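An overview of the molecular structure
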Amino acid sequence: MSQGPRSGLAAVSSALLAMSRHLEVRDVLKTIVASARELLDAQYAALGVPDDHGGFAQFVVDGIGEEQWKAIGPLPRQHGILAAMLHEAKPERLADVRKDPRFEGWPSAHPEMSDFLGLPIRDGDEVIGALFLANKLCPARANPPRPKSEGRCGFTEDDEELLSILAQHAAIALTNARLYERSRELTIAEERSRLAHELHDAVSQKLFSLRLTAQAAATLVDRDPSRAKGELQQVAALAAEAADELRAAVVELRPAALDEDGLVATLRTQIQVLDRAHSARVTFTGHGVRALPAAQEEAFLRVAQEALHNALRHSGAEHVDVTLHKRGPDTVLRVTDDGSGFDPTAVRRAGRHLGLVSMRDRAGGIGGSLTVESVSGKGTTIELEAPGG
């Protein structure tokens, strides 16, 4: 493994350290792909995480620009060479992937690839991903020399061994990232359960006392007005205490990530988790938005969560895109899906609009406006615009 310029121990060590620095699954996937492409001097690299429906839950590429990636279209299915790596769980090293009998073609915008090296990423007996490279770049002094017109040299047995080492460590990094995210989700769920229990106990006690005191005041109104007045004053005090308990609970229920990381980072992290958990592709773009007041950040986050829930659970969308950007003096959140859509008028008549009402209330609470555009069969766009940022 000493032939290539990046095959030294230091380069391998740097790649493994880079993978271990990240805890979010999406970041780990990107680091694995970038490290593999750089380490083996390939023009293209990709890593696919399979779902249970013949497709990929996540698919990360390196070496292809964003515009070209969009032009390629939907994520690939598990077929051809990719299926072989996932189902047979063995390496594939090909001089020209296009000549392999399993090759089934590419979309028109897909780059041309010839030499190919792919390995499954395994966690024990489970295949958790497929890592592959294409178009090995010729070093400056290829041996034997290659014509400049070729520009590529093909992957070697040493390359396969090196990628195998990387894949083994990638499995560890990816498994650790998944465990971290699941642990974080469980911690959040447990904390919310605890707070809900405490809220129920505290407010229930206050409301019970409030009810008894009000009943006592009602019986004293006619026969002892002065005592009734005292009881009503106690009712007012108990109501104020209950309101304080609720306010304190709401503050504690505010997502901790908002205070620690801010709106943009919190949205990005949550959308990465959703992208991993659902078959639909969920993407986020945030730019130009500075920190907002706490109430506004929470409103934007809650509207995004509600819109994402609707898109992922009810619309059958293949792609959900979330953007957060500036528009003049305002901040704009936009959630767009390519799902089944709906008739907003029909939804209102059927009384199935509680999610939309909640989002409009949140928008109004921060001086903003909510716009819903949807047509049956043509997807939905939900936009929240509010001053600031």
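Residues numbered from 1 in each chain as written. Predicted model: local features only at pLDDT ≥ 70, side-chain atom pairs only at ≥ 80, totals over all residues. Heavy atoms only, no water.

1. As for the overall build of the chain
Convention followed: Labels follow the DSSP assignment, with helices taken as runs of H or I lasting at least four residues and strands as runs of E lasting at least two, numbered in each case from the N terminus. Buried means the residue's accessible area, taken with a 1.4 Å probe over protein chains only, is under 20% of the maximum for its type, while exposed means over 50%, and partly exposed covers the values in between. Residues are treated as being in contact if the distance between any of their heavy atoms lies within 4.5 Å. In short, Shrake-Rupley with a 1.4 Å probe defines the accessible areas, and a residue's cover is counted only from the protein chains shown.
If you tally the helices and strands in the chain, you get 11 helices and 10 strands. Across the 389 residues that make up the chain, the buried fraction comes to 42%. Residue pairs in contact within the chain that sit at least 24 positions apart in sequence constitute 62% of those at least 6 positions apart. Of the roughly 20900 Å² that the chain leaves accessible, carbon and sulfur atoms contribute 52%.

2. Here we look at helix H4 (residues 80–88)
Most of H4 sits inside the fold, with seven of its nine residues counted as buried. Looking only at H4, the buried set comprises Gly80, Ile81, Leu82, Ala83, Ala84, Met85 and Leu86. Elements in contact with the buried residues of H4: strand S1 (42–50), strand S2 (56–62), strand S3 (92–94), strand S4 (116–123) and strand S5 (126–136). Directly after H4, the chain includes Ala89, whose backbone phi takes a positive value near 55°.

3. Focus on the packing of aromatic side chains
Operational definition: Here a Phe, Tyr or Trp ring, Trp counted by its six-membered ring, pairs with any other such ring whose centre lies within 6.5 Å, and the pair is stacked when the planes are under 30 degrees apart, edge-to-face when over 60, and tilted otherwise.
Per the counting criterion, the structure on display carries five aromatic pairs. Summarising the aromatic geometry, the rings of Phe59 and Trp69 are spaced 6.0 Å apart at their centres and angled 5° between planes, so their arrangement reads as stacked. Within this pair, whereas Phe59 is found in strand S2, its partner Trp69 is found in helix H3 (residues 66–72), the two being separated by 10 residues in sequence. An angle of 75° between the planes, with centres 4.8 Å apart, marks the rings of Phe103 and Trp106 as edge-to-face. Using a relative accessible area of 24% as the deciding quantity, one classes Phe103 as partly exposed. A relative accessible area of 28% means that Trp106 is categorised as partly exposed. Through pairs of rings, three or more aromatic residues link up here, namely Phe56, Phe59, Trp69, Phe116 and Phe132.

4. Structural notes on the environment of Arg281
The condition is simple: Pairing of N or O atoms within 3.5 Å defines a polar contact, subject to two protein rules: one partner must be a possible hydrogen donor and the other a possible acceptor, and residues neighboring in sequence count only if both atoms are side-chain atoms.
With respect to the secondary-structure elements, Arg281 resides in strand S6 (residues 281–286). The exposure class of Arg281 is partly exposed, given its relative accessible area of 21%. Measuring from C-alpha to C-alpha, the distance between Arg281 and Phe56 comes to 9.5 Å, with 225 residues separating the pair along the chain. Residue contacts for Arg281: discarding those within four places in its chain leaves Arg26, Asp275, Glu318, His319 and Val320. Within the structure, the side chain of Arg281 is placed 2.9 Å from the side chain of Asp275, a separation counted as a polar contact.

5. Describing unusual backbone geometry
Even without being a glycine, Asp41 presents a positive backbone phi close to 50°. Its location among the elements puts Asp41 in the loop between helix H2 (25–39) and S1. A relative accessible area of 18% means that Asp41 is categorised as buried.

6. As for the sheet that holds strand S7 (residues 319–327)
What counts, and what does not: Two strands qualify as a pair provided that DSSP identifies no fewer than 2 bridges between them. Only the contacting stretch of a helix is used when fitting its axis, a line to C-alpha atoms as for every element, and angles between N-to-C directions run 0 to 180 degrees.
An order of S6-S7-S8-S10-S9 is seen for the five strands of this open sheet, with the pairing classed as mixed. Each edge of the open sheet carries a strand with a single partner, namely S6 and strand S9 (369–374). On average, each strand axis in the sheet is tilted by 10° relative to the strand beside it, whichever way the strands run. Along the sheet, helix H9 (residues 294–314) contacts S6, S7, strand S8 (330–337), S9 and strand S10 (380–387); its crossing angle with S8, the most-contacted strand, is approximately 10°.

7. Comments concerning H9
Condition: The span expected for a helix works out to 1.5 Å for each residue beyond the first.
Compared with an ideal rise of 1.5 Å per residue, which puts 21 residues at 30 Å, H9 spans 30 Å between its outermost C-alpha atoms and is within 8% of the ideal. Gly316 sits one or two positions beyond H9 and adopts a positive phi of about 70°.

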